[in-house]
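# Structure assessment
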Amino acid sequence: MSTLIPCLAFVPSHLYSNIIKSDSFHGTSSLASVTGELETCEKDGTKTDNTSQDEVTSQQELSVNFRRGLDEFAVQKDLISSEDDADSLFPSSPAHTFSSPAEYDKSKFQLDDRVQFWIDYNRNGTMTEEDFQSTIAGVAGRFAAGGNDARQYWLRHLSRTGYFFANAALGSVASLVQQKLHSDGEGEDNFVKAMATSGVILRLLSEAALSYEQDYDNIKKGKYKEPHDMYTLNAQNNPLSFGRQTARFVAEAMGTMARRNRASEEDKRARIRDDGRYPAYYHTAFHYQTNGWMSRESANVYETSTETLFLGRQDAMQRTALVPLVAHARQQRGRPHGSGRKPLRVLEVACGTGRFMTFARDNLPPDSEFTAVDLSPFYLQKVKENDRNWRSLQRDRSIKPVQIVHAKGEDLPFAEEHFDAVVCMYLYHEIPREVRAQIAAEMARVTKKGGRVILTDSLQKGDRPVNDNTMGNFEKMNEPFYRDYIEDFLPRHFEDAGLECLTKTVLSSTKTLTFGKPL
Ligand SMILES: C[S@@+](CC[C@H](N)C(=O)[O-])C[C@H]1O[C@@H](n2cnc3c(N)ncnc32)[C@H](O)[C@@H]1O
């Protein structure tokens, strides 16, 4: 069992606070072969800037500049010593009033009961292995007593976690063997022992069980449908592709370990032919995966890697975004026909491989129009495959393909008020603070009045107090903006862009914040 742990430590994803180490890769790939297949569209909207320079004091000007682009920031940052917390320089910062981003969220959003549940779960870190075991047994018992559908869901998800657990074990063994061949391997052994004796594996399994219970509860309450891949042979759920995916995962994991251990400057950089399309921060080999976001290897294995890290609960965490999305769609559909109802338009910014979009499509009316934006042509290629696969499983052959757009979140090529809802997942922890503000402004700009912007990302300080002191360690997975992310009062970016805070939920390692654009 202990061999699982190092694997969990290096697979690409957006958190795992106290499981940390890293390594990296390189790889070159032909961008042209992929970009040629992608659709683009021209921007015809204009950007808005809600900031009134006249109204701000000189200190606040500094704050405004802080949010405005790398160049200006580069000048201002000379004013900030390395020991200073950037927030402390800005009197208007919520950091002066709220002890953590979670506290700020609490003052702004309607919280569902899961927010407090996850704050309290193992709050002081005192739960024992027996406690985790009885949590898992409790969840299993409730599923068993919940009727046929509940049992089906549980069995399906148990096998899901079993598969990703086996992946983790395999990747872990392979990496240990590799390390033994190339070094004395002592450090890793100690790491493995330390983690294994602290009940980490049982804790992770208990979190998976609780996540499934929360996901199923949403399904039972009719907030969204059960996952479309429970009974279909889709790409991720096809026994024929398990072997290939595991082989790809293990190969990628071994490379990641090797690079993580080296952690050279070269390992930390993605090699991108810089034609001005890719911002400086994007040249990071995030998670030390093969060439960051810019390789076919990393795109091929991304879903398997993240699910391995989370022992299968990644989809359930992402589906928290379905709750506000589906609710909004229903509200729109409920409007009388005479009010000029049009097909719902949904945009996902930084969509990665587009897996979430398949769940969104499965839950929204078939005539809805979906647009997927990402900066990686390799990931966009996977979006196309996932979308094709999902559509091939639908009876309705008239469902349109997703529109795939290669663009930056901070410069969206769409008209103002074009979309009913905009979703953005696991992007914000990977970008500088000022870019978070720019992308929030862009998402707000392209959202219709009365529409929704839904942000799903890693937890921040205060969301699970037990992790507060360790969550920043994820930075070591070559996540240069992570420490800033966990301290950032995210709603501020959206409020500055004219949106209002609506709801917040948490599921294990993920939070979902929903914003509304006033009518
Ligand atoms: C951690 S992945 C998340 C992918 C997906 N949303 C998910 O949840 O699986 C981050 C994604 O953001 C994309 N990305 C990073 N910076 C971006 C930017 N400025 N604009 C658009 N996409 C960006 C990357 O290419 C990558 O696909």
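Each remark here, short or long, concerns the structure printed above.
Before going into details, it helps to say that this report is about the structure given with it. (Residues numbered from 1 in each chain as written. Predicted model: local features only at pLDDT ≥ 70, side-chain atom pairs only at ≥ 80, totals over all residues.)

## Notes on the sheet that holds strand β5 (residues 419-425)
- An order of β1-β7-β8-β6-β5-β2-β3-β4 is seen for the eight strands of this open sheet, with the pairing classed as mixed. Edge positions in the open sheet fall to β1 (110-111) and β4 (403-406), since each of these has one partner strand only.
- Sheet strands in contact with helix α18 (residues 433-446) are β2 (345-349), β5 and β6 (447-458), and its direction is about 145° off that of β6. (Pairing = 2+ DSSP bridges. Helix = DSSP H or I, 4+ residues; strand = E, 2+ residues; numbered from the N terminus. Contact = placed C-beta atoms within 7 Å. Axes fitted to C-alpha atoms, helices over the stretch in contact; angles between N-to-C directions.)

## Some remarks on helix α7 (residues 129-144)
- Between its first and last C-alpha atoms α7 spans 22 Å; for 16 residues at 1.5 Å apiece the expected length is 22 Å, and the two agree.
- Where α7 is concerned, the buried positions are F132, T135, V139 and F143. In an axial view of α7, the angular spread of the buried residues amounts to 70°, which keeps them on one side of the axis. Away from its buried face, by an angle of more than 90 degrees, α7 presents the exposed residues E130, A137, G141 and A144. (Expected span 1.5 Å × (residues − 1). Buried ≥ 20, exposed ≤ 12 C-beta atoms within 10 Å, placed from the backbone. Arc of directions from axis to C-beta.)

## Considering the pairing of β4
- Alignment of strand β3 (residues 369-374) against β4, held across four bridges, turns out to be parallel. The residue bridging V373 from the neighbouring strand is V405, located in β4.
- Handedness of the β3-helix α17 (residues 377-392)-β4 crossover: right-handed. (Right-handed = clockwise from strand over helix to strand, strands pointing away.)

## Some thoughts on the environment of I136
- Tracing the chain through its elements places I136 in helix α7.
- As for I136 and L205, which are separated by 69 residues in sequence, their C-alpha atoms are 7.4 Å apart.
- If we ignore the near neighbours within four places in the chain, the residues touching I136 are L205, S206 and A209.

## What about the site of the ligand?
- Close to the ligand lie 20 residues; W293, A350, G352, S376 and G409 are nearest.
- For the shell around the ligand, the class distribution of residues is twelve nonpolar, four polar and four charged. (Near = placed C-beta within 6 Å. Nonpolar A, V, L, I, M, F, W, Y, C, P; charged D, E, K, R; others polar.)

## Digging into unusual backbone geometry
- Positive phi, close to 60°, is recorded for H287, a residue that is not glycine.
- Looking at the element boundaries, H287 is found in the loop between α12 (265-268) and α13 (296-309).
- Its 30 C-beta neighbours within 10 Å are what place H287 among the buried residues.
- Positive phi, close to 60°, is recorded for A350, a residue that is not glycine.

## What about the pairing of strand β7 (residues 500-507)?
- With two bridges connecting them, β1 and β7 associate as parallel partners. Across the sheet, residue Q110 finds its bridge partner in β7, namely T503.
- Judged from the seven bridges that link them, β7 and strand β8 (residues 510-516) form a sheet pairing that is antiparallel. For E500, the partnering residue across the bridge sits in β8 and is G516.
- Connecting β7 to the antiparallel partner β8 that follows it, the hairpin turn spans two residues, and S508 within it adopts a positive phi of roughly 55°.

## Points about the packing of α7 against helix α10 (residues 200-220)
- Two elements in contact, α7 and α10, have axes separated by 9 Å at closest approach and are oriented at 25°. Comparing the axis directions of α7 and α10 gives the class roughly parallel. In the packing of α7 onto α10, the handedness of the crossing is left-handed. Residues E129, F132, Q133, T135, I136, V139 and R142 of α7 pack against L202, R203, L205, S206, A209, L210 and E213 of α10.
- For the contact of α7 with α10, the residue count by class is seven nonpolar, three polar and four charged. (Parallel < 35°, antiparallel > 145°, perpendicular 65-115°, else oblique. Left-handed = near helix turned anticlockwise from the far one by under 90°.)

## Let's talk about helix α16 (residues 355-363)
- For α16, the buried fraction is high: seven of the nine residues fall into the buried class.
- Residues R355, F356, M357, T358, F359, A360 and R361 constitute the buried set of α16.

Geometry only, nothing functional implied.
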